[in-house]
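# Chain and residue survey
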Amino acid sequence: MSLLEVADLRGGYGAADEVVRGAGLTVGAGEIVALIGPNGAGKSTLLKLVAGLLRPRAGRVRFKDREIAGLTAPDISRLGLSFVPQERNVFGTMTVAENLEMGGFLDRAETHHRMEGLYTRFPMLADKRRAAARTLSGGQRQILAMAMALMNAPLLLLLDEPTAGLSPRAAEELFGTIVSLNQGGVAILMVEQNALEALAVSARAYVLVQGRAERQGEAAELASDPTVRDLFLGGSAPPMLSQNRGDLR
């Protein structure tokens, strides 16, 4: 049984602005699934519809075999689904510790315990716990943003362009962190323009075009498909990624 099931999903940002037009996908427990496609295809909008930040106009979104379409974002988070946006995903003037406390607002009783666990997982956050988030590097801010989402102990993490704006080295290290989180039991649905790297760490993938999933399959098969490579991946072969990477210290 799938952890997340999306079927015939439609929605956008206004009454006449339907960006997602009948999209469907599934994510199994413990999977990494990539969502790739051209700019404007509706990838980020789809994540926001699933996470409750936008209200779907039609379609079905089931999480843990429960219909969640139309629920508020906090209610969806309480069920075990966390969303990390591409931008404005940390509070720049607040310290690392304060950001983590904000991330745990839905379950205050577990805040201290989960913060300590994240400091152990990400020593960089422990070292910089009193530093303002705005002083972190781009990769470090992304780690903090993901750690904030982990404060709710999610079963599924939605990542919107996690490597956007990062250097190639920082992006590679961040992908390693994503793999590590997944190996710890967190399923991940990831929108990513760096499609080759995303496919290299994913089990399956969907190619979204004009609000619909036009192609789907095993990530390795899509990465080697000449049509997919030419249209969306620049025509090159996927890189080999190490499964043992640092945590952007």
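Residues numbered from 1 in each chain as written. Predicted model: local features only at pLDDT ≥ 70, side-chain atom pairs only at ≥ 80, totals over all residues. Heavy atoms only, no water.

## Looking at the sheet that holds strand E1 (residues 4-14)
With antiparallel pairing, 4 strands are arranged side by side in an open sheet as E2-E1-E4-E5. Of all strands in the sheet, those with a lone pairing partner are strand E2 (17-27) and strand E5 (66-67), marking the two edges. In terms of strand pairing, strand E4 (residues 58-63) meets E5 through 2 bridges, oriented antiparallel. Paired with Arg62 across the strands is Glu67, a residue of E5. Against the sheet, helix H1 (residues 43-51) touches E1, E2 and E4, its axis set at about 110° to E1. (Pairing = 2+ DSSP bridges. Helix = DSSP H or I, 4+ residues; strand = E, 2+ residues; numbered from the N terminus. Contact = heavy atoms within 4.5 Å. Axes fitted to C-alpha atoms, helices over the stretch in contact; angles between N-to-C directions.)

## Notes on the packing of aromatic side chains
If you walk through the whole model with that rule in mind, you get 0 aromatic pairs. Geometry around Tyr119 places Arg129 over its ring, the cationic atom sitting 4.1 Å from the centre. (Phe/Tyr/Trp six-rings, centres within 6.5 Å; stacked < 30°, edge-to-face > 60°. Lys NZ or Arg CZ within 6 Å of the ring centre and 35° of its normal.)

## Section: the confidence of the model for the chain
The share of residues in the chain with pLDDT of 70 or more is 92%, and the mean pLDDT across the chain is 90. Summarising per-element confidence for the chain, the mean pLDDT is lowest in helix H10 (residues 226-233) (74) and highest in strand E8 (residues 187-191) (98). Counting contacts from residues 235-249, a segment whose pLDDT is below 50, to residues more than four positions away or on other chains yields 37 contacts. (pLDDT = per-residue confidence, 0-100.)

## Topic: the packing of helix H3 (residues 96-103) against helix H6 (residues 138-150)
Between H3 and H6, the least distance of the axes is 7 Å, while the angle of their chain directions is 35°. In the packing of H3 onto H6, the handedness of the crossing is right-handed. On the side of H3, the interface is formed by Val96, Asn99, Leu100 and Gly103, while H6 contributes Leu144, Ala147 and Met148. Along the lines of polarity and charge, the residues of the contact of H3 with H6 split into 5 nonpolar, 2 polar and no charged. (Left-handed = near helix turned anticlockwise from the far one by under 90°. Nonpolar A, V, L, I, M, F, W, Y, C, P; charged D, E, K, R; others polar.)

## Digging into the environment of Phe83
Relative to the helices and strands, Phe83 is located in strand E6 (residues 81-84). Along the chain, Phe83 and Leu47 lie 36 residues apart, while their C-alpha atoms are 7.9 Å from each other. Residue contacts for Phe83: discarding those within four places in its chain leaves Leu47, Lys48, Ala51, Leu53, Leu158 and Asp160.

## As for H6
The end-to-end C-alpha distance of H6, which contains 13 residues, comes to 19 Å, matching closely the 18 Å that a straight helix rising 1.5 Å per residue would cover. By the criterion of burial, H6 is predominantly enclosed, with 11 of the 13 residues buried. All buried positions along H6 are accounted for by Gly139, Gln140, Gln142, Ile143, Leu144, Ala145, Met146, Ala147, Met148, Ala149 and Leu150. Looking at the packing, one finds that the buried side of H6 touches E6, H3, helix H4 (111-121), helix H5 (123-127), strand E7 (156-160) and helix H7 (168-183). (Expected span 1.5 Å × (residues − 1). Buried < 20%, exposed > 50% of the residue type's maximum accessible area, 1.4 Å probe, protein only.)

## Topic: the sheet that holds E7
An order of E6-E7-E8-E3-E9-E10 is seen for the 6 strands of this open sheet, with the pairing classed as mixed. In this open sheet, the two edge strands, each paired with only one partner strand, are E6 and strand E10 (212-218). Adjacent strand axes in the sheet meet at a mean angle of 15° when their direction is disregarded. Pairing of E6 with E7 involves 4 bridges; the strand directions are parallel. Directly across from Ser82, in E7, lies its bridge partner Leu157. Here H1 sits on the sheet in contact with strand E3 (32-36), E6, E7, E8 and strand E9 (204-209), set at roughly 145° to E7. Most of the contacts of H7 go to E8, to which it runs at about 150°, and overall it touches E3, E7 and E8.

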